[in-house]
Amino acid sequence: MVKKNTTKTGKKKTPSTVAATKRKVQTAAKSKAKEPIEEVKAQDPKAAEVIVETLPKATVQEELPETAPVEAAAEEPSVTEPVEAAAEEPSVAESVEVAVEEPSVAEPVEAAAEEAPAAESVEAAMEEAPAEEPVEAAAEETPVAEPVEAVAEETPVAEPVEAAAEESSVAEPVEAAAEEPSVTEPEEAAVPEEVYMSPRRSVAFIGSECYPFVKTGGLGDVMYALPKALVKQNCDVKVILPRYKCIPWEYQQKMIYRGSFEMDLCADGRSFYVGIMEYVWDGVVYDFIDNEEFFSNGNPYTNLIDDIPKYCYFAKAALAALNYMDWIPNIIHCHDWQAALVPVYLRTQFVNTKLTTAKTILTIHNLRFQGIYNIPTIRYWSGLPDYVFNKDALVTGWIDANMLKGGLTYSNIITTVSQTYAGEIQSPYYGEGLDAHLRYHSGKLRGIVNGIDYDIWNPYTDARLHANYDITNVLDKKKENKRKLQEELGLVQDDHKFVIGLISRLTNQKGLDLVNAILPQVMDEHTQIVVLGTGDWVYEDSFRYYEGAYKGNVCSNIMYDETRAHRIYAGADALLVPSQFEPCGLTQLIAMHYGTIPIVRETGGLKDTVEPYNMYFNTGNGFTFDYYDAGLLLDAINRAKTFYFENRWCWDEMVQRDMDKDLSWENSAKQYKDLYLDLTW
Ligand code: ADP
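Source: prediction; values computed, not measured.

1. What to know about the overall build of the protein chain
Here is step 1: In terms of helices and strands, the protein chain carries 30 helices and 18 strands.
Here is step 2: Put simply, 76% of the contacts in the protein chain that link residues at least 6 apart link residues at least 24 apart.

2. Some thoughts on the site of the ligand
Here is step 1: Near the ligand you find 19 residues, and of these Gly218, Asp221, Arg505, Lys510 and Tyr569 are the closest.
Here is step 2: Measuring from an oxygen atom of the ligand, one finds a side-chain N or O atom of Arg505 at 2.7 Å.
Here is step 3: In the environment of the ligand, an oxygen atom lies 2.8 Å from a nitrogen or oxygen atom belonging to the side chain of Lys510.
Here is step 4: Within the complex, 93% of the 570 Å² of free accessible area of the ligand lies under protein.
Here is step 5: Elements represented by at least two residues in the shell around the ligand include exactly helix 13 (218-231), helix 25 (562-571) and helix 26 (587-593).

3. What to know about the packing of aromatic side chains
Aromatic ring pairs: the centre-centre distance and the angle between the two ring planes describe each pair.
Here is step 1: Applying the stated criterion across every chain yields a total of 42 aromatic pairs.
Here is step 2: For the ring pair Tyr279 and Trp281, a centre distance of 6.4 Å and an interplane angle of 55 degrees mean the geometry is tilted.
Here is step 3: Among the residues examined, Tyr279 registers a relative accessible area of 1% and is labelled buried.
Here is step 4: Three or more aromatic residues link up through ring pairs in this structure, and these residues are Tyr244, Phe272, Phe294, Phe295, Tyr301, Tyr311, Tyr313, Phe314, Trp337, Tyr380 and Trp381.
Here is step 5: Over the aromatic face of Trp327 sits the side chain of Lys238, whose NZ or CZ is 5.3 Å from the ring centroid.

4. Description of the sheet that holds strand 2 (residues 235-242)
Remark on secondary structure: sheet strands pair via backbone hydrogen bonds, oriented parallel or antiparallel.
Here is step 1: If you walk across this open sheet you meet the nine strands as 3-4-5-2-1-6-7-11-12, and the pairing is mixed. The strands lining the two open edges of the sheet, one partner per strand, are strand 3 (256-264) and strand 12 (445-447). Each strand of the sheet is rotated relative to its neighbour by a mean of 25 degrees, with strand direction disregarded.
Here is step 2: Judged from the five bridges that link them, strand 6 (residues 331-335) and strand 7 (residues 359-364) form a sheet pairing that is parallel. Counted as the bridge partner of Ile331 is Lys359 from strand 7.
Here is step 3: Along the sheet, helix 13 contacts strand 1 (201-206), strand 2, strand 4 (271-281), strand 5 (284-290) and strand 6; its crossing angle with strand 2, the most-contacted strand, is approximately 160 degrees.

5. A short note on the pairing of strand 4
Here is step 1: Most of strand 4 is tucked away, with nine of its eleven residues classed as buried.
Here is step 2: In this structure, strand 3 lies alongside strand 4, joined through eight bridges in antiparallel fashion. Bridge pairing links Tyr257 to Met277 in strand 4.
Here is step 3: Linking strand 3 back to strand 4 in an antiparallel pair, the connection comprises six residues, with Gly269 at a positive phi of about 85 degrees.

6. Some words on helix 30 (residues 666-680)
Here is step 1: The terminal C-alpha atoms of helix 30, which comprises 15 residues, lie 21 Å apart, in line with the 21 Å expected from a rise of 1.5 Å per residue.
Here is step 2: Of all the positions in helix 30, only Ser668, Ala669, Tyr672, Lys673, Leu675, Tyr676, Leu677, Leu679 and Thr680 are classed as buried.

7. Examining the pairing of strand 5
Here is step 1: For strand 5, a buried count of seven out of seven residues is recorded, marking the element as mostly surrounded by other parts of the structure.
Here is step 2: With burial as the criterion, each face of strand 5 is covered, one bearing Val284, Tyr286, Phe288 and Asp290 and the other bearing Val285, Asp287 and Ile289.
Here is step 3: Bridge count between strand 2 and strand 5: five bridges; the pairing is parallel. Bridge pairing links Ile240 to Asp287 in strand 5.
Here is step 4: Of the pairings in the sheet, the one linking strand 4 to strand 5 comprises seven bridges and is antiparallel in character. Residue pairing across strands places Met277 opposite Phe288, the latter belonging to strand 5.
Here is step 5: Here strand 4 folds back onto strand 5, and the loop between the two strands holds two residues, one of which, Asp282, carries a positive phi near 55 degrees.

8. Quick word on the sheet that holds strand 8 (residues 372-374)
Here is step 1: With antiparallel pairing, the three strands of this open sheet are ordered in space as 8-10-9. A strand with exactly one partner marks an edge of an open sheet, and here the two such strands are strand 8 and strand 9 (395-396).
Here is step 2: By the bridge criterion, three bridges tie strand 8 to strand 10 (residues 400-402) in an arrangement that is antiparallel. Following the sheet pairing, Asn374 is matched in strand 10 by Asp400.

9. Some words on the environment of Ala204
Here is step 1: In this fold, Ala204 is placed in strand 1.
Here is step 2: Residue classification places Ala204 among the buried residues on the basis of a relative accessible area of 0%.
Here is step 3: Placed 154 residues apart in sequence, Ala204 and Ala358 show a C-alpha to C-alpha distance of 9.6 Å.
Here is step 4: Not counting chain neighbours up to four residues away, the residues in contact with Ala204 comprise Lys238, Leu322, Trp327, Pro329, Ile331, Ile332 and His333.

10. Observations regarding the environment of Val231
Here is step 1: Here Val231 lies in helix 13.
Here is step 2: Not counting residues within four places of it along the chain, the set of residues in contact with Val231 comprises Val237, Gly283 and Val284.

11. Focus: the nonpolar core
Here is step 1: The biggest cluster of nonpolar side chains holds 180 residues, and the ones touching the most others in it are Phe213, Tyr286, Tyr313, Ile332 and Trp651.
Here is step 2: Top contributing element to this core by residue count: helix 16 (residues 304-325), with 14 residues.
Here is step 3: Not counting the four nearest positions on each side in its chain, Trp651 is found in contact with Phe498, Asp573, Ala574, Ile597, Phe623, Ala640, Phe643 and Tyr644.

12. Topic: the confidence of the model for the protein chain
Here is step 1: Per-residue pLDDT for the protein chain has a mean of 80; in total, 71% of the residues score no lower than 70.
Here is step 2: Long-range and interchain partners of residues 1-187, a stretch whose pLDDT sits below 50, account for 300 contacts in this model, where long-range means more than four residues apart.

13. Topic: the packing of helix 22 (residues 474-489) against helix 25
A pair of packed helices is captured by two measures, namely the crossing angle of their axes and the spacing between those axes.
Here is step 1: Two numbers describe how helix 22 lies on helix 25: the axes approach to 8 Å, and their chain directions differ by 130 degrees. Taken together, helix 22 and helix 25 sit at an angle that is classed as oblique. Where helix 22 crosses over helix 25, the handedness of that crossing is left-handed. Where helix 22 abuts helix 25, its residues Lys478, Asn481, Lys482, Leu485, Glu488 and Leu489 lie against Arg564, Arg567, Ile568, Tyr569, Ala570 and Gly571.
Here is step 2: Here the residues of the contact of helix 22 with helix 25 are counted per class, giving five nonpolar, two polar and five charged.

14. Describing the pattern of salt bridges
Here is step 1: Applying the stated criterion across every chain, the model contains 28 salt bridges.
Here is step 2: When the shortest N-O distance is used, the salt bridge between Lys354 and Asp326 registers 2.8 Å. Of the two residues, Lys354 sits in the loop between helix 17 (341-346) and strand 7 while Asp326 sits in the loop between helix 16 and strand 6, which places them 28 residues apart along the sequence.
Here is step 3: According to the relative accessible area criterion, Asp326 is partly exposed, its value standing at 37%.
Here is step 4: The closest approach of N and O atoms between Lys510 and Glu582, which form a salt bridge, is 2.9 Å. Of this pair, Lys510 sits in the loop between strand 13 (498-503) and helix 23 (512-522) while Glu582 sits in the loop between strand 16 (574-577) and helix 26; the two residues are 72 residues apart in sequence, bridging distant segments of the chain. An identical accessibility class is assigned to Lys510 and Glu582; each is buried.
Here is step 5: Here the residues in one salt-bridge network are Lys228, Asp282, Asp453 and Asp455, joined through shared partners.

Basis of the calculations
- Residues numbered from 1 in each chain as written.
- Predicted model: local features only at pLDDT ≥ 70, side-chain atom pairs only at ≥ 80, totals over all residues.
- Heavy atoms only, no water.
- Helix = DSSP H or I, 4+ residues; strand = E, 2+ residues; numbered from the N terminus.
- Contact = heavy atoms within 4.5 Å.
- Near = heavy atom within 4 Å.
- Polar contact = N/O pair within 3.5 Å; in protein donor to acceptor, adjacent residues only side chain to side chain.
- Areas by Shrake-Rupley, 256 points an atom, 1.4 Å probe, with all protein chains shown as cover.
- Phe/Tyr/Trp six-rings, centres within 6.5 Å; stacked < 30°, edge-to-face > 60°.
- Buried < 20%, exposed > 50% of the residue type's maximum accessible area, 1.4 Å probe, protein only.
- Lys NZ or Arg CZ within 6 Å of the ring centre and 35° of its normal.
- Pairing = 2+ DSSP bridges.
- Axes fitted to C-alpha atoms, helices over the stretch in contact; angles between N-to-C directions.
- Expected span 1.5 Å × (residues − 1).
- Core = buried A, V, L, I, M, F, W, Y, C linked by side-chain atoms within 4.5 Å.
- pLDDT = per-residue confidence, 0-100.
- Parallel < 35°, antiparallel > 145°, perpendicular 65-115°, else oblique.
- Left-handed = near helix turned anticlockwise from the far one by under 90°.
- Nonpolar A, V, L, I, M, F, W, Y, C, P; charged D, E, K, R; others polar.
- Salt bridge = Lys/Arg side-chain N within 4 Å of Asp/Glu carboxyl O.

Encoded structure:
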């Protein structure tokens, strides 16, 4: 067997050396920054204080005692300041004025419908954004309420919070999210100078879930990590979320009451309470829309009958809350169907408010979920004017309305989470019935791949792991993690087994039919499989069956468990992602960062992020197959297995190559920032 970490000539391997050198340089830089202050402090404490005050922020923070970010945010008496500051922010106000002078977005729907699509530039795309409506009609529907009571600033709302704490009926995914977010305190990264030179933009993120408050899948990860990364790109970010009762108490209790009002919602003028609860963390302001009637369920998503009214309310309340707080962002960035009515409301019922200057982006995280229900129900609950219920906007088929489709029509830009998926969804196979609509709007459609948050997903600092590691000691430590994982899950403990992980929602999107079809052929005396997921009972049951059939070598964890997920990423040798379609996929990114080799189908973001292994040049990050076919999946797994057992030297190099790959949010955040600048220049 080949020695780890050394080449055949006995020299250190290149990636390890590079990483080790990087770490040394960073440590040296940090300690140097501290030394002179210590010296001055010893001689003259006052002078030291003056120096500390004049130092750049990043340096000063290194001098301060470290505190956990959540606690820091909560204990900070000035929790509400960022909002006020944001509202007063001169740069925001200025850009809004500029934006006001710009011709407003849209053209009549009919005119747009006649046009061919495909404008290249953002401006062209904006001009194409269809969907405008008689202003008079919109003006009639003046939104948003008068404050019911004067804003009792800083007054925490005790009652609902207590009620939330008492509620114990929390669904599985939510419980898992409630666990302590892992991770050590994020280091305050020094912001590069070019970022400060990039003009500041204010962005309101609107979506239905966000780690660590509530997460059921990748959307939750993105809603947490992207705003944080955008703050580093000189953006002022406010995240607007529903205040679900299932949000863990530790966060609920730190929320600050920002105000409340009544808002008209339904077609018959029925109005609802909107409360705003605020929480500031890591430079991002989180505003939770509070309404017991809509958000008191244990799980964020229940069934469409309840979810349609809930997210009609949420979309309108999010805009009403911005209006109420007088926080007028340059960009309103909405996510998935749950927030898709935001652009529709903005260009109809909010057209006469200050918010109308904002540009909208709608990001599709998964086109399968669109918020479709019959027209009368959506018309009633949304209270939207009749003219948006046409086939170019909300109407789909003969009798249904589609909330996502409406959002795609009315937003200035559509993005999705990988370039390949942006192309795929314009075809009937992947288009989920919206391919023609997306082809029509292709001029304003972009693909930007997701990243992962290195503060959460970092094998070197991950508190959930049995043994932490980096690129220099991954080969040894991964074995340790593998052994512990086997022990914890009741698997046969054997370093030499090839352990394949699968962490996924158990739905047919994830290619589980293929896995079920070939699992018996994958199982041999050298292989173990660890599954973690919840979802459709068909898959849950089949994986339970396989656990019984291959006792000691298959472990099916039918649950949502963050800690277990982290340990599987660290302890497995390979991770399976054979999806039927995959907009971006985070599991393969996390796996690579943990030195676990992905075996994926070449679709969507999997294709964009996993370069197939090339045996001639010894390059690539994983094993791939193209057609959705069980035989091809089996072939890819067998190639990986053969490589692992017969060419461990190259396998180990791939492990280190994967860990060295830049999968952070920084790159993607820059692309989003460029898009914001394009839209608001
Ligand atoms: P999707 O959003 O389609 O569910 P992604 O790959 O984009 O898939 O994101 C899945 C995220 O959810 C990853 O962070 C993954 O680790 C996590 N995850 C999925 N299932 C589970 C589970 N059962 N327990 C813990 N984490 C899970």
